[in-house]
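Each chain is listed here by its residues.
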Amino acid sequence: MKLNQVFRLLLVLIIPIGCVAQSDPSTEGVEPFKLGTFEVDGQHRLGIVLRDHLVIDLVSANTALQKKPGISEIPMPSDMLELIERYESVLKHRLYEIVNDLNHNNGLEGSGKSDFVYEVSDLRALPPIMYPSKNMNAAVNFYTHACEGCTEEELQARTRERQENRGVPYLFLKPTRGAIIGSGDDIVIPYGRDRIEWEVELAIVFGTEGKYISASRAYDHVFGYMVAMDVSDRGGRPPGGYGSGQDWFVGKGHDTFAPQGPWIVPKEFYGDPMERLHQSLVIDGVTVQEARAGDMIHNIPELIEYASSLITVFPGDVLQSGTSGGTGAGRVQRATGSGYLQAGETINATIEGIGTLTHTVVAEESVPDDLSGAQLPPVRSYRPPGN
């Protein structure tokens, strides 16, 4: 046997098996995190959220990490859209490194807490994505929402009918900038629009571009999940002109009517939403909505397949999966009554494992004096109370 062969054999015998082909420990066993956009010292900053109360300033944390030996330099994204687009290719690894490094070096809490780690309560939460190119929504996608105010017998009968004839999903678009707000921002009831209601929904955030995405491949295109609301104006449009009654732009398009956040949970930390989803909405302490994924008419992979058969989805695009029964139309009794939203009420929309959106409802008190009359009028000007 040649000398070099003997040497190689000795190496195999004396080197522990665990030392061969060892994976990078910096990205193993990472503590689950969430990702958000926050206002820090007057600037918009991306943050890694840990334990639902700590925010790590991503740029500052990366700068500190890169000063350590053996750490490569990676430019950080300027906003959430860029983070989502680059997550799988390079940023996921770096975020795992940051979280593991801070945990290993006790940089999150106590005397060793890094100066780029903040308390959530000390920061203003902004919409995580500012702003998606598309904000898609599923209409009437829960059996209980399709039968608001029904008796149990009526609900069972209506559910059987829908199960036998589900058809295809009904999707609509909401505006993005102006409509999308972050947790803590006010929901504004437009002047004279007194039939505003709430809807808590799961928001699916796309991570990769796709067209004609089959249901079997749907989750491959998902980046993560948020809590969302589809605030709705049920006052309709005034009579006359083109169309009458229902108007989706009136019903869904007002400013502040698309709360999203408080952050995004990457899909690897949430699991299958069709197994885990538990969403609820509370107004001034009264639970008015509560549902699980089993109440959905079309499941999430089906929604993704349908949406992507119409339009191409891009990283950062959002698809909301619909709401359950218990909206204003359901007339759940609250302190302010049993109808639509009232100024002064506080809404908490929660999805277990993601977080809670909190909003105060305020009313717009007036409009400019110089309007010509072409604006959307108050509901009471064309619909009597109760109609």
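Placed above this text is the structure.
Residues numbered from 1 in each chain as written. Predicted model: local features only at pLDDT ≥ 70, side-chain atom pairs only at ≥ 80, totals over all residues. Heavy atoms only, no water.

Undergrad: Give me the overall build of the protein chain: which residues, what numbers.
TA: Helix and strand content of the protein chain: seven helices and 19 strands. Taking all 387 residues of the protein chain together, 48% fall into the buried category. When contacts within the protein chain are restricted to residue pairs at least 6 apart in sequence, long-range pairs at least 24 apart make up 76% of them. Approximately 18600 Å² of the protein chain is accessible, and the part contributed by carbon and sulfur atoms is 51%. (Helix = DSSP H or I, 4+ residues; strand = E, 2+ residues; numbered from the N terminus. Buried < 20%, exposed > 50% of the residue type's maximum accessible area, 1.4 Å probe, protein only. Contact = heavy atoms within 4.5 Å. Areas by Shrake-Rupley, 256 points an atom, 1.4 Å probe, with all protein chains shown as cover.)

Undergrad: I'd like a rundown of the environment of Ala179, residues and numbers included.
TA: With respect to the helices and strands, the residue Ala179 is situated in the loop between strand E7 (170-173) and strand E8 (180-181). Ala179 gets classed as buried once you look at its relative accessible area, which sits at 1%. Look past the residues within four positions of Ala179 in its chain and what remains in contact with it is His254, Asp255, Thr256, Phe257, Ala258 and Pro259.

Undergrad: Can you tell me about the pattern of salt bridges, naming the residues and giving the values?
TA: Using the criterion set out here, one finds 21 salt bridges in the structure. A salt bridge links Glu119 to Lys113, with the shortest nitrogen-to-oxygen separation between them at 3.5 Å. Salt-bridge contacts for Asp247 lead to Arg237; the nearest nitrogen and oxygen are separated by 2.5 Å. Here Arg237 lies in the loop between strand E13 (232-233) and helix H5 (248-252) and Asp247 lies in the loop between E13 and H5, a separation of 10 residues in the sequence. A residue is classified by how much of its surface remains accessible, and Asp247, at 18% relative accessible area, is buried. Salt bridges sharing common partners tie together Lys174, Glu197, Glu199, Asp230, Arg234 and Lys252. (Salt bridge = Lys/Arg side-chain N within 4 Å of Asp/Glu carboxyl O.)

Undergrad: Give me the lowdown on unusual backbone geometry, citing residues and values where you can.
TA: Look at the link from Met130 to Tyr131: it is a cis peptide, with omega at 5°. Inspection of the secondary structure assignment puts Tyr131 in the loop between strand E5 (124-126) and strand E6 (135-139). A cis amide bond, omega -10°, links Gly261 with the succeeding residue Pro262. Here Pro262 lies in strand E14 (residues 258-266). For Asp52, which is not a glycine, the phi torsion comes out positive at approximately 65°. Following the sequence through the fold, Asp52 ends up in the loop between strand E2 (43-50) and strand E3 (54-57). Since its relative accessible area comes to 40%, Asp52 is described here as partly exposed. Positive phi outside glycine occurs at Thr256, with the angle close to 70°. Residue position: Thr256 is located in the loop between H5 and E14. Judged by relative accessible area, Thr256 falls into the buried class, the value being 10%.

Undergrad: I'd like a rundown of helix H7 (residues 300-310), residues and numbers included.
TA: Ile300, Pro301, Leu303, Ile304, Ala307 and Ser308 are the residues of H7 that are buried. Down the axis, H7 shows its buried residues gathered within 155° of arc, on one side only. Each element contacted by the buried residues of H7 is listed here: E6, E7, strand E11 (200-206), strand E12 (222-229), helix H6 (273-276) and strand E17 (318-320). One side-chain oxygen at the N-terminal end of H7 lies 2.9 Å from the backbone nitrogen of Glu302; it belongs to Asn299. (Arc of directions from axis to C-beta. Polar contact = N/O pair within 3.5 Å; in protein donor to acceptor, adjacent residues only side chain to side chain.)

Undergrad: Quick one: what's the story with the sheet that holds strand E16 (residues 286-292), residue by residue and with numbers?
TA: Strand order in the open sheet formed by five strands is E9-E19-E18-E15-E16, and the pairing between neighbours is mixed. Two strands lie at the open edges of the sheet, namely strand E9 (187-189) and E16, each paired on one side alone. Going across the sheet, the axis of each strand differs from the next one's by a mean of 20°, ignoring polarity. Both strand E18 (residues 346-351) and strand E19 (residues 355-363) contribute to a ladder of six bridges, which runs antiparallel. Directly across from Asn348, in E19, lies its bridge partner Thr358. (Pairing = 2+ DSSP bridges. Axes fitted to C-alpha atoms, helices over the stretch in contact; angles between N-to-C directions.)

Undergrad: Residue-level account of the packing of aromatic side chains, with values.
TA: Counted by the stated rule, this structure contains seven aromatic pairs. With 4.9 Å between their ring centres and 35° between their planes, Phe172 and Trp248 make a pair best called tilted. One end of the pair, Phe172, is in strand E7; the other, Trp248, is in helix H5, with 76 residues separating them in the sequence. What makes Trp248 partly exposed here is its relative accessible area of 31%. Between Tyr225 and Tyr270, the aromatic rings sit 5.3 Å apart at their centres with planes inclined by 45°, giving tilted as the arrangement. Highlighted residues: Tyr225 in strand E12 and Tyr270 in the loop between E14 and H6, separated in sequence by 45 residues. Side by side, Tyr225 and Tyr270 carry an identical accessibility label, which is buried. By way of ring pairs, the aromatic residues Phe33, Tyr96 and Phe269 are connected into one cluster. (Phe/Tyr/Trp six-rings, centres within 6.5 Å; stacked < 30°, edge-to-face > 60°.)

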